[in-house]
Amino acid sequence: MHRATYLVLLLSFVPGILSVKEPQNSSCRCLAFDHDCWPSSRVWNSFNTSVEGRLMRVLPPAAPCHDPFFDEQGCKEVQESWELEFWRTSQPGALYASNFESLGDQHRCSLASNRSSTCFQGAVPVYAVSVLDPLQVISAVKFASRYNLRLVVRTSGHDPTGRSTAPGSFAIWLHHLKSITFHESFVPEGYCPDKNSPPLGKIPAVTIGAGVQWEELYAATHERNSVITGGACSSVGAAGGFPQGGGHSLLSPMFGLAADNILQYEIVTAGGELLVANDWQNQELFWALRGGGGGTFGVVVSATYRTHPALESLAFALYNFTATTVNASNPMGKLVKKFVQISPELSDAGWSGNFFLSRRSLVLVYLLPNKNVSFANETLTPLTTYAEHQPGMVLETSLLAFSSFQEWHLAVQCGGQPSCITFTRRSQLRFPGASSLIPRKVFTDCPTKISRALMKITNTPFSITGVSNLGGDVARPRNNAVNPALRSALWHIILATNTNDNTTQAEYEKFARQITHANKLLPGSGAYMNEADFNEPNWQQSFFGENYPRLLDIKDKYDPTGLFVCHQCVGSEKWSNDLNCKLK
């Protein structure tokens, strides 16, 4: 979004923008479509001045291809970049799951429709503050509170359930908070040990602004001969919902979840106060911010992560098992059962990664840090030997050694490019998805429950992605709000169906209902909120477990009016389905 599209010239395109009424108390949020409460143009202009001109009129990402916003060069850029991850994260109105940009089939701004068709605002926020410092965040929070606006917090827009957008809303966009500061020995603010306190020791760390993405942080930590527990998708923001929701990493079995590696947060609360939260001050807030979910307790403006010494080596396995037939002998089902049975051993050996399962194929994309190829091959031999003795099973294997995590990341995840930012990897755009955390106990007590459920799901329209980034150090208890089900799980299973911009709302809702039903087949103990089902049943228990009552108390303390509200976030049950009106 160019500077020219900032506030003043575009006020007239949203109904209600020119209202001159002053704020009023209400149990419902004031939306851009409400002429009776929406701030006047004079008020918006005054606020824009207070944030140094950083207020933006946000348009749907396809707007440059439609009148009255048509721009030939801008439209060409949109068409060429529409599915590119890093382009979408750089647009204030675009989301990774693009279906959440629309309101049904009619109220949308479609790239596929012609120039003269109406570009509806849909669910894209009407205004956003593209903040550059915490003071601007404070101003935005206070403004939203004073005028009772529906407020959303947005970093990279990756949330698959649309938590970072809302119709008629006002957004705080954190994308440009890009500072990265390393510490050879980090000391938390307020650190004040007594005679009974253990020594702090030398803690290498990095403090990042809320807009830093994993691609940027991976490169920076590599230059410092370090590694960090980050996301597999490197366009994700490193300080937002990812660590606040737990954050599983390919290095988690070795170093724990992202939430486990956070040493300190800076956060702007609903009252417009900038707080530091760590083990020495605002401890209960610090506890909640590590696992209690993003966009819930305030606006995180910086996060400090523990860093770790660079890996000594990295073994990478790309194994493809293909069944040449689907018949009564069920070769793939038998292989999956064997895979389930040996997965605790693979976890104990240090493996992490993903697998992809269909009726005819099982693909393993696995990493083994600080182990050599010989050891890696030895630990995978039980599975490959079993497959080789299965009639109708074809096996392709590749086992490679890398000298660093960054070398592997660039070669494999970035397609050999010098950065994933320049890699034309396509985002999934629209999908209903679901999550299930499979406890280690089920693998040992009844592995057939898992294998049979997975094979049943291969007969549905949904893809199966297995995340094997749990176990190991993740299982070690910590004093934070991470879902206890993540601690006891060995696998995180993701079901998804990719749709497209021509998928109707009715079709999408049908898929969503079906995926909820399919997810129930799995013997899970909870769900990972950052990749969960939009319609997750009993989400308080699934996402937070026994932590929920305490999280709700902390939410009520730091945000008593519910300024920060999002779908299936702590406290959202107190609001209407559209999250605009507080229930009585």
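Since the structure is predicted, the reported quantities are computational estimates derived from the model, not experimental observations.

Give me the lowdown on the overall build of the protein chain, citing residues and values where you can.
A count of helical and extended segments in the protein chain gives 17 helices and 18 strands. Relative to a compact globule of 584 residues, whose C-alpha radius of gyration would be 25 Å, the protein chain shows 24 Å and is just as compact. Along the first, second and third principal axes, the C-alpha atoms of the protein chain reach 75 × 65 × 50 Å. Taken over 584 residues, the protein chain has a buried fraction of 59%. In the protein chain, 74% of the contacts between residues at least 6 apart in sequence involve partners at least 24 apart. As displayed, the protein chain offers around 23300 Å² of accessible surface, 51% of which is attributable to carbon and sulfur atoms. The average position of the 47 basic charges and that of the 47 acidic charges among the side chains of the protein chain differ by 5 Å.

With reference to specific residues and values, describe the pattern of salt bridges.
Per the counting criterion, the structure on display carries 13 salt bridges. Of the charged contacts, one joins Glu-216 and Lys-178 as a salt bridge, the two residues approaching to 3.1 Å between their closest N and O atoms. Of this pair, Glu-216 sits in helix α5 (residues 214–223) while Lys-178 sits in the loop between β4 (170–173) and β5 (180–183), placing them 38 residues apart in sequence. Close ionic contact of Asp-445 with Lys-441 constitutes a salt bridge, the shortest N to O distance being 2.8 Å.

Got a sec to walk through the domain arrangement of the protein chain? Specific residues and values, please.
Each domain of the protein chain was delimited in the assignment, giving domain 1 (41–173) and domain 2 (314–402 + 431–543). Between domain 1 and domain 2, the C-alpha centre-to-centre distance is 35 Å. Tallying the contact residues gives twelve residues for domain 1 and 14 residues for domain 2. Taken together, domain 1 and domain 2 are joined by three residue pairs in polar contact (both at pLDDT 80 or more). A class-by-class count of the residues in the side of domain 1 that touches domain 2 yields five nonpolar, four polar and three charged.

Go over the state of the cysteines with me, naming the residues and quoting the values.
Summed over all chains, the structure comprises six disulfides. Note on cysteine connectivity: Cys-566 is disulfide-linked to Cys-569, with sulfurs 2.0 Å apart. Negative torsions about the S-S bond denote left-handed disulfides, and the value of about -110 degrees found for Cys-566 with Cys-569 makes this one left-handed. Its relative accessible area of 3% is what places Cys-566 among the buried residues. Shown here for the protein chain is a disulfide pattern of 1-12, 2-3, 4-5, 6-7, 8-9, 10-11, where each number marks a bonded cysteine counted in sequence order. No disulfide involves Cys-233; its sulfur sits 8.6 Å from that of Cys-420, the nearest cysteine.

Give a detailed account of the UniProt feature "domain: FAD-binding PCMH-type" (unreviewed entry) in the protein chain, specifying residues and quantitative values.
Sequence positions flagged by UniProt for "domain: FAD-binding PCMH-type" (unreviewed entry) are, in local numbering, residues 121–310. Secondary structure across residues 121–310 divides into 20% helix and 23% strand, with the first and last C-alpha atoms of the span separated by 46 Å.

Could you give an account of the environment of Asp-473, naming the residues involved and the relevant values?
Position of Asp-473 relative to the elements: it lies in the loop between β17 (463–467) and α14 (484–488). It is 9.9 Å that separates the C-alpha atoms of Asp-473 and Gly-350, two residues lying 123 residues apart in sequence. In this structure Asp-473 touches Ser-252, Pro-253, Met-254, Phe-255, Gly-256 and Arg-478, once residues within four positions along its chain are discounted. A polar contact is formed between the side chain of Asp-473 and the backbone nitrogen of Gly-256, at a distance of 3.4 Å.

Outline the packing of helix α9 (residues 331–349) against helix α13 (residues 447–457), listing residues and values.
In a packed pair of helices, the relevant descriptors are the angle between the two axes and the axis-to-axis distance. One way to put it is that α9 packs onto α13 with a least axis distance of 9 Å and a crossing angle of 140 degrees. Viewed along their axes, α9 and α13 adopt a mutual orientation that is oblique. The handedness of the crossing between α9 and α13 comes out as right-handed. Contacts between α9 and α13 involve Met-332, Gly-333, Val-336, Lys-337, Val-340 and Gln-341 from the first element and Pro-447, Thr-448, Ile-450, Ser-451, Leu-454 and Met-455 from the second.

Conventions adopted
- Residues numbered from 1 in each chain as written.
- Predicted model: local features only at pLDDT ≥ 70, side-chain atom pairs only at ≥ 80, totals over all residues.
- Heavy atoms only, no water.
- Helix = DSSP H or I, 4+ residues; strand = E, 2+ residues; numbered from the N terminus.
- Rg over C-alpha atoms; globule rule 2.2 N^0.38 Å.
- Buried < 20%, exposed > 50% of the residue type's maximum accessible area, 1.4 Å probe, protein only.
- Contact = heavy atoms within 4.5 Å.
- Areas by Shrake-Rupley, 256 points an atom, 1.4 Å probe, with all protein chains shown as cover.
- Lys, Arg positive; Asp, Glu negative; His and termini not counted.
- Charge placed at Lys NZ, Arg CZ, Asp CG, Glu CD.
- Salt bridge = Lys/Arg side-chain N within 4 Å of Asp/Glu carboxyl O.
- Domains from an automatic or database assignment.
- Polar contact = N/O pair within 3.5 Å; in protein donor to acceptor, adjacent residues only side chain to side chain.
- Nonpolar A, V, L, I, M, F, W, Y, C, P; charged D, E, K, R; others polar.
- Disulfide = S-S within 2.5 Å.
- UniProt positions renumbered as here; feature names shortened; annotations may be inferred.
- Axes fitted to C-alpha atoms, helices over the stretch in contact; angles between N-to-C directions.
- Parallel < 35°, antiparallel > 145°, perpendicular 65-115°, else oblique.
- Left-handed = near helix turned anticlockwise from the far one by under 90°.

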